[in-house]
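Breakdown of the fold
Take a look at the letters that make up each chain.
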Amino acid sequence: MVQLNSSPEPLSIMGVSVTPFASYQQAVDCVAAGIREHSQKCAVAVNPEKIMRAKRDSVLRSTLKGFEVGICDGIGVAIAARLLYGRRLRRCTGVDLFLELVRVASVEGWSVFLYGASPESNEGARAALLDMYPTLRIAGTQHGYQTDDPSLVARINDSKAELLFVALGSPKQEYWIARNRAALSVPFCMGVGGSFDVLSGKARRAPLFFRRTGTEFLFRLMLQPARLVRQTALPLFMFGVLRSRFRQPAWRSVKIAQAETKSGAHDNAF
Ligand code: UDP
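Below, the structure is looked at part by part. (Residues numbered from 1 in each chain as written. Predicted model: local features only at pLDDT ≥ 70, side-chain atom pairs only at ≥ 80, totals over all residues. Heavy atoms only, no water.)

**So, the overall build of the protein**
If you tally the helices and strands in the protein, you get 14 helices and eight strands. Looking at the protein residue by residue over its 270 residues, the buried ones come to 53%. Of the accessible surface of the protein, which amounts to about 12,600 Å², a share of 55% is contributed by carbon and sulfur atoms. (Helix = DSSP H or I, 4+ residues; strand = E, 2+ residues; numbered from the N terminus. Buried < 20%, exposed > 50% of the residue type's maximum accessible area, 1.4 Å probe, protein only. Areas by Shrake-Rupley, 256 points an atom, 1.4 Å probe, with all protein chains shown as cover.)

**Looking at the sheet that holds strand S3 (residues 41–46)**
Within the open sheet, the six strands sit side by side as S4-S3-S8-S7-S5-S6. Their pairing is parallel. The two strands at the open ends of the sheet, each matched to only one other strand, are strand S4 (69–72) and strand S6 (137–142). Averaged over all adjacent pairs, the angle separating strand axes in this sheet is 20 degrees, with direction ignored. One ladder, built from five bridges, connects strand S5 (residues 111–116) with strand S7 (residues 163–167); its direction is parallel. Counterpart to Val-112 in the pairing with S7 is Leu-163. (Pairing = 2+ DSSP bridges. Axes fitted to C-alpha atoms, helices over the stretch in contact; angles between N-to-C directions.)

**Focus: the side chain of Ser-111**
Looking at the element boundaries, Ser-111 is found in strand S5. Given the relative accessible area of 3%, Ser-111 is considered buried. Look past the residues within four positions of Ser-111 in its chain and what remains in contact with it is Arg-137, Ala-139, Lys-160, Ala-161, Glu-162 and Leu-163. (Contact = heavy atoms within 4.5 Å.)

**Here's the deal with the packing of aromatic side chains**
Inspection of every chain in the model, using the stated rule, returns five aromatic pairs. Between Phe-209 and Phe-210, the ring centres sit 5.4 Å apart and the planes meet at 80 degrees, which makes this aromatic pair edge-to-face. What links up through ring pairs into an aromatic cluster is the set Phe-98, Phe-165 and Phe-196. (Phe/Tyr/Trp six-rings, centres within 6.5 Å; stacked < 30°, edge-to-face > 60°.)

**What to know about the pairing of S7**
Buried residues dominate S7, accounting for five of its five residues. Alternating positions in S7 separate into two faces, Leu-163, Phe-165 and Ala-167 on one and Leu-164 and Val-166 on the other, with burial throughout. Across four bridges, S7 lies against strand S8 (residues 188–191) in parallel orientation. When the bridges of S8 are listed, Leu-164 appears paired with Cys-189. Chirality of the crossover, the property in question, places the unit of S7, helix H8 (residues 172–180) and S8 among those that are right-handed. (Right-handed = clockwise from strand over helix to strand, strands pointing away.)

**Describing the site of the ligand**
Of all residues adjacent to the ligand, which total 16 residues, the nearest are Ala-117, Tyr-145, Lys-172, Asp-197 and Arg-220. With respect to the ligand, the backbone of Ser-170 contributes an N or O atom lying 3.0 Å from an oxygen atom. Coverage of the ligand by the protein chains reaches 80% of its 550 Å² of free accessible surface. (Near = heavy atom within 4 Å. Polar contact = N/O pair within 3.5 Å; in protein donor to acceptor, adjacent residues only side chain to side chain.)

**Quick look at unusual backbone geometry**
Here the amide bond leading from Ser-170 into Pro-171 is cis, since omega sits at 5 degrees, within 30 degrees of zero. You will see that His-38, though not glycine, has its phi angle at about 55 degrees, which is positive. Residue position: His-38 is located in the loop between helix H1 (24–37) and S3. Taking relative accessible area as the criterion, His-38 reaches 70% and is therefore assigned exposed. For Ala-117, which is not glycine, the phi dihedral falls at a positive 70 degrees. Mapped onto the elements of the fold, Ala-117 is located in the loop between S5 and helix H6 (119–132). Since its relative accessible area comes to 11%, Ala-117 is described here as buried.

**Some points on the pattern of salt bridges**
By the definition in use, this model includes seven salt bridges. Between Arg-36 and Glu-108 there is a salt bridge, with its nearest N and O atoms 3.6 Å apart. Residue Arg-36 is found in helix H1, and its partner Glu-108 is found in helix H5 (residues 94–108); the two are separated by 72 residues along the sequence. In this structure Arg-36 comes out as exposed when scored by relative accessible area, which is 54%. The exposure class of Glu-108 is partly exposed, given its relative accessible area of 42%. The partner of Arg-91 in a salt bridge is Glu-216, with the nearest N and O atoms 3.0 Å apart. One end of the pair, Arg-91, is in the loop between helix H4 (75–85) and H5; the other, Glu-216, is in helix H11 (residues 216–223), with 125 residues separating them in the sequence. Across this residue pair, the class does not change: Arg-91 and Glu-216 are buried. (Salt bridge = Lys/Arg side-chain N within 4 Å of Asp/Glu carboxyl O.)

This is the structure we're talking about:
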């Protein structure tokens, strides 16, 4: 992961970089700095599922290394940071950062482009955001089920949006961002998974209890039992973290993890 001056030094969690933001405000400041300096930043929400996938998929692993910001999207990632580094990471979920950035955009006058989800969810998300933030400038929208349309990048650039949110699910959205970022003139781009479905009301957001305890994945599992296969990543991830932690004394574990973060040699973190 590329190190940014305005963001804390990333931690390597099982080979994937996570930016240890102390608050949503710090994450927003980091994005705002990029917009003001016209330096492009791309963000990915990091959770155990993505880390385990990157572990066995070298293309995804190297794709994620190109992202400047990796937010701590899952409680599993926060636990891993505590065990491996003795660091308390503040969770920064993708949907909450997305909403916070949109709120700030409506105040700062930044415009946003919403790409992805079904036509109904995309339109529903647009309407819901305008309802919440009437001054928000939505520069453009595009649902996520058109065949790969080369004119989309030109349309996004022509819209002059400052913030591009891509809701194609993971890892499709991360690949799309990595493939197109060089041609995109937007200063900030972030994958937001199922956030448009939540905003449009197509999907239910986890009740507060699940959000507070970081167990949204359990709620989603109850609603969509088919996600069980994806969720097997969580116990495997925790097993890997514990194995890595107890294989060596804590001081050594922290030193190795720090060295990996500094050198970018993340691949043998397991
Ligand atoms: N999606 C899309 N185009 C595709 C595949 C998926 O726009 O070709 C959208 C889908 O409609 C949904 C989102 O991507 O709105 C994926 O949501 P999910 O909650 O599965 O995200 P993840 O958990 O993978 O981040």
